[in-house]
Amino acid sequence: MFDVKQPLNYQASADLLKNKTILVTGASDGIGRAVALAYAKHGATVILHGRSVEKLEAVYDQIIQQGSAKPAIVPLDLAKASLPQYQELAQVIESDLGKLDGILHNAGIISELSPIEYTDAAIWHEMMQVNINSVFMLTQSCLLLLKQSSAASIITTSSGVARKGRAFWGPYSVSKFAIEGFTQILADELEKTCVRINAINPGATRTKMRAIPYPAEDVSKLMTPDDLVPLYLYLMGNDSLDVNGQSIDAQPK
Ligand code: NAP
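Rules behind the numbers
Residues numbered from 1 in each chain as written. Predicted model: local features only at pLDDT ≥ 70, side-chain atom pairs only at ≥ 80, totals over all residues. Heavy atoms only, no water. Helix = DSSP H or I, 4+ residues; strand = E, 2+ residues; numbered from the N terminus. Rg over C-alpha atoms; globule rule 2.2 N^0.38 Å. Axes fitted to C-alpha atoms, helices over the stretch in contact; angles between N-to-C directions. Parallel < 35°, antiparallel > 145°, perpendicular 65-115°, else oblique. Left-handed = near helix turned anticlockwise from the far one by under 90°. Contact = heavy atoms within 4.5 Å. Nonpolar A, V, L, I, M, F, W, Y, C, P; charged D, E, K, R; others polar. Phe/Tyr/Trp six-rings, centres within 6.5 Å; stacked < 30°, edge-to-face > 60°. Buried < 20%, exposed > 50% of the residue type's maximum accessible area, 1.4 Å probe, protein only. Lys NZ or Arg CZ within 6 Å of the ring centre and 35° of its normal. Pairing = 2+ DSSP bridges.

1. A word on the overall build of the protein chain
The secondary structure content of the protein chain amounts to six helices and seven strands. If you list the helices and strands of the protein chain from N to C, you get β-α-β-α-β-α-β-α-β-α-β-α-β. In terms of overall dimensions, the protein chain is globule-like: its C-alpha atoms have a radius of gyration of 17 Å, near the 18 Å expected for 253 residues. Considered along the principal axes of its C-alpha atoms, the protein chain spans approximately 50 × 40 × 40 Å.

Structure below.
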């Protein structure tokens, strides 16, 4: 059973993701790493995306050590990649793995908080490139493949600053507002297909990203990436087949 008011209480069956091939972006660290390990543990063949091959190889080794299916590694710097590289990535997935049943768009960046008046344009552009433009290009490149799945799930990553603007959160907040819009629009377009798309707002989570806007915080009070895993399992597995176009808080108030 899934309860949107207590999303982290969901209990996934051990083989929830058996026979599924799932791409996780930003799988080298933080939430993406924890979720990739969990997806593999629940039976998926996981495609690990990130920019550091060394960090991805460490996750790869952990997946092998836990006895899960052999993953794949696809390094790509989202700040620099353009459409042909995303199309090539989709082709590699199709030729090497034969199918794709899900994408978790998790990779993201933030900068130190700053008023829009003083925000560096280069930082603004990089954040849009990584946090939203890559989501558009990767999704578009993979949609044909996802439509060949019997039931495909796309998860995007939102934020608490994606629904109401807050001073000094500038480009990060704007990019996450865009994620919410992208998710709603694509969900509407995919309504009659086998592909669904939903957003997760992780809430405050103990990662290296969180420490940038909150450097002095007592991290012992924060949820860990592992704590959030149940919601990511729910939206990726077939228990959520009827859920489309939602934006779900991992830590509802
Ligand atoms: P994190 O620990 O900093 O991990 C971010 C991941 O994205 C890493 O794997 C990182 O790779 C990858 N990445 C960053 N820039 C990239 C690029 N240019 N190309 C390819 N990969 C790149 O962050 P996190 O806290 O787990 O955040 C995950 C998602 O949750 C983000 O979308 C974030 O906005 C969202 N979120 C987080 C919180 C929170 O409190 N932590 C709250 C709300 C929303 P490297 O290992 O190479 O750095």
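Additional details are given in the paragraphs that follow.
2. Overview of the packing of helix H4 (residues 121–147) against helix H5 (residues 170–189)
The N-to-C vectors of H4 and H5 enclose an angle of 20°; their axes lie 7 Å apart at closest approach. When the interaxial angle is binned, H4 and H5 end up roughly parallel. The hand of the H4/H5 crossing is right-handed. Of H5, the residues touching H4 (which contributes Trp124, Met127, Met128, Asn131, Ile132, Val135, Phe136, Thr139 and Leu143) are Gly170, Pro171, Tyr172, Val174, Ser175, Ala178, Ile179, Phe182 and Leu186. Along the lines of polarity and charge, the residues of the contact of H4 with H5 split into 14 nonpolar, four polar and no charged.

3. Focus: the packing of aromatic side chains
Applying the stated criterion to the full structure yields five aromatic pairs. Centre to centre, the rings of Phe2 and Tyr10 are 6.3 Å apart; their planes meet at 70°, and the pair counts as edge-to-face. Measuring from ring centre to ring centre gives 5.2 Å for Tyr10 and Tyr234, while their planes differ by 65°; the resulting arrangement is edge-to-face. Of the two residues, Tyr10 is situated in the segment before strand E1 (21–24) and Tyr234 in helix H6 (residues 225–236); the sequence distance between them amounts to 224 residues. Judged by its relative accessible area of 7%, Tyr234 falls in the buried class. In this structure, Arg210 is placed above the aromatic ring of Tyr214, and the distance from its NZ or CZ to the ring centre is 3.7 Å.

4. Examining the sheet that holds strand E6 (residues 195–201)
Pairing in this open sheet of seven strands is parallel, and the strands run E3-E2-E1-E4-E5-E6-E7 from one edge to the other. The open sheet terminates on both sides in strands that have one partner only, identified here as strand E3 (72–75) and strand E7 (247–249). For this sheet the average axis-to-axis angle between neighbouring strands, irrespective of direction, equals 20°. With four bridges connecting them, strand E2 (residues 45–50) and E3 associate as parallel partners.

5. With respect to the side chain of His49
Mapped onto the elements of the fold, His49 is located in strand E2. Each residue touching His49, except ones within four places of it in the same chain, is listed here: Leu23, Val24, Thr25, Gly26, Ala27, Ser28, Leu56, Val74, Leu76 and Leu78.

6. Some remarks on the environment of Ser134
Its location among the elements puts Ser134 in helix H4. Looking at Ser134, the relative accessible area reads 6%, which means it is buried. Each C-alpha atom of the pair Ser134 and Tyr86 lies 8.4 Å from the other, and the pair is 48 residues apart in sequence. If we ignore the near neighbours within four places in the chain, the residues touching Ser134 are Leu78, Tyr86 and Gln129.

Everything listed is a geometric property; what it means functionally is a separate question.
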